[in-house]
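# Tertiary structure, described
Spelled out, the chains give:
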Amino acid sequence: MDQLGFADRRQLRRKLGFWRLATILLIVLAAVVAWLVFSRGDAGVGRDHIARVTISGVILDDRELVERLTRIAETNAVKGLIVSVNSPGGSTFGGEVLYDAIRKVAEKKPVVSDVRTLAASAGYMIALAGDRIIAGDTSITGSIGVLFQYPQVKTLMDKIGVSLEEIKSSPLKAEPNPFHPPSDEAKAVIQAMIDDSYAWFVDLVAERRRLPRPEAQALADGRIFTGRQAVGLKLVDELGGEPALRRFLESRNVAKDLPIVDWEPPSNSLPFGLGSLSAVIAQALGLDPARLAGTLPALGANKLFLDGLVSVWQVEGR
C-alpha cells in the first residue's frame, strides 16, 4: 500500500474514533437527562392521572416532600391526590408543615387520606388534611396528644463520681437539663408549652372532623383505635381500600379510569450503570468509593433524633 493509502486509513481511523467518542458522550448525556427527569418522582405527569404520595416512618420537617406536594398542586394533569399514611408520628412541627402543604393541594383538587397499617399522633394529624379519611378495619390510628421527653443521667453520674457545674443568666436557661432534675418552675414552663400545642391539636381535630370540642378532647387522651373503632368515633370516615378511594374521587368529578401514579422522592442512585462510572471517577480523584458511599447516609443520621415537642405513638419501653 502506498503512502497515500496509509494517510487515508489514518484519517478514517480518526473520524471513526471521533464519532465513537461522540456517541458515548451522547448516550451518557441522554442517561443523565433521563435520570434528572425520572428521579424527580413525577415522571409521566403529561397525561391526566391521580397522584399518590406515601408518608411513612417517623415524620420530620421534610422540605423535599413539601416541594413535591407543591408541584402536585400546580400540575394540571393531576386531577386528585391520595395521601397514603403509614407512620407512628413524629415532630409536631413536621406534621404541621405537611398538613398545611396537603391543605394547599386540597384548595385546587380533591384529596383523600389512605390510612394504612398505622397513622397515629402526627401521622393522624397529616391524615386530617384529607377531604376524606379511609382506613382498614385493623388499621391503628388516634394517639392524639403531645409529648416532651429528655434523658436524666444524674443518678448515673453520681455513681461514677462525676458532676457538672453550671453558671447561667437565669434559672430557666437550658431547662430541662439531663444533669439535674428540673425545678417546679421549669416543669410548669414545659407543661404550659405542651398544653398550648395540645390545645392546637385538639382544635384541629374538632375543626376537621366536625366534632364539638369537648368530644374531640375526650378522644384526645392518647388512646389508639382500630379503624373500626375510629369510624364509630367519627375520627375516620369509612373503611376500605383502593375501591373506596376511587369512589370518593369519582364523587368529586375525577374520572374513575384515570391511572394512579406514585410521586416518589428523587432517586439517590444513577441509572444505566452510571453509579459504577461515578465510582471509577471517585477512584481517579483519589477517593475511596466504599467509604464515600458509607459517609453519605451518615450525614442524615442526626435526623433519627427528634428534638422538641413530638406527637408520636410508641410501644411502652421503647
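Each value, and the rule that gives it
- Residues numbered from 1 in each chain as written.
- Predicted model: local features only at pLDDT ≥ 70, side-chain atom pairs only at ≥ 80, totals over all residues.
- Heavy atoms only, no water.
- Helix = DSSP H or I, 4+ residues; strand = E, 2+ residues; numbered from the N terminus.
- Polar contact = N/O pair within 3.5 Å; in protein donor to acceptor, adjacent residues only side chain to side chain.
- Axes fitted to C-alpha atoms, helices over the stretch in contact; angles between N-to-C directions.
- Parallel < 35°, antiparallel > 145°, perpendicular 65-115°, else oblique.
- Contact = heavy atoms within 4.5 Å.
- Nonpolar A, V, L, I, M, F, W, Y, C, P; charged D, E, K, R; others polar.
- Buried < 20%, exposed > 50% of the residue type's maximum accessible area, 1.4 Å probe, protein only.
- Expected span 1.5 Å × (residues − 1).

## Details of the side chain of R208
Along the chain, the position of R208 falls in helix α6 (residues 184-208). At 2.8 Å, the side chain of R208 and the backbone oxygen of L128 are in polar contact.

## What to know about the packing of helix α2 (residues 63-74) against helix α3 (residues 92-106)
Here α2 crosses α3 at 10°, and the two axes come no closer than 9 Å. Classified by the angle between their axes, α2 and α3 sit roughly parallel to one another. Contact residues: α2 offers L65, V66, L69, I72 and A73, while α3 offers V97, L98, A101, I102, K104 and V105. Of the residues that constitute the contact of α2 with α3, the class distribution is 10 nonpolar, no polar and 1 charged.

## Description of helix α9 (residues 242-251)
If you check which residues of α9 are buried, you get A244, L245, R246, F248 and L249. Phi turns positive, to about 70°, at N253, one or two residues after α9.

## Digging into α3
For α3, spanning 15 residues, the distance from its first C-alpha to its last is 21 Å, which sits close to the expected 21 Å at 1.5 Å a residue. If you check which residues of α3 are buried, you get T92, G94, G95, V97, L98, Y99, A101, I102, V105 and A106.

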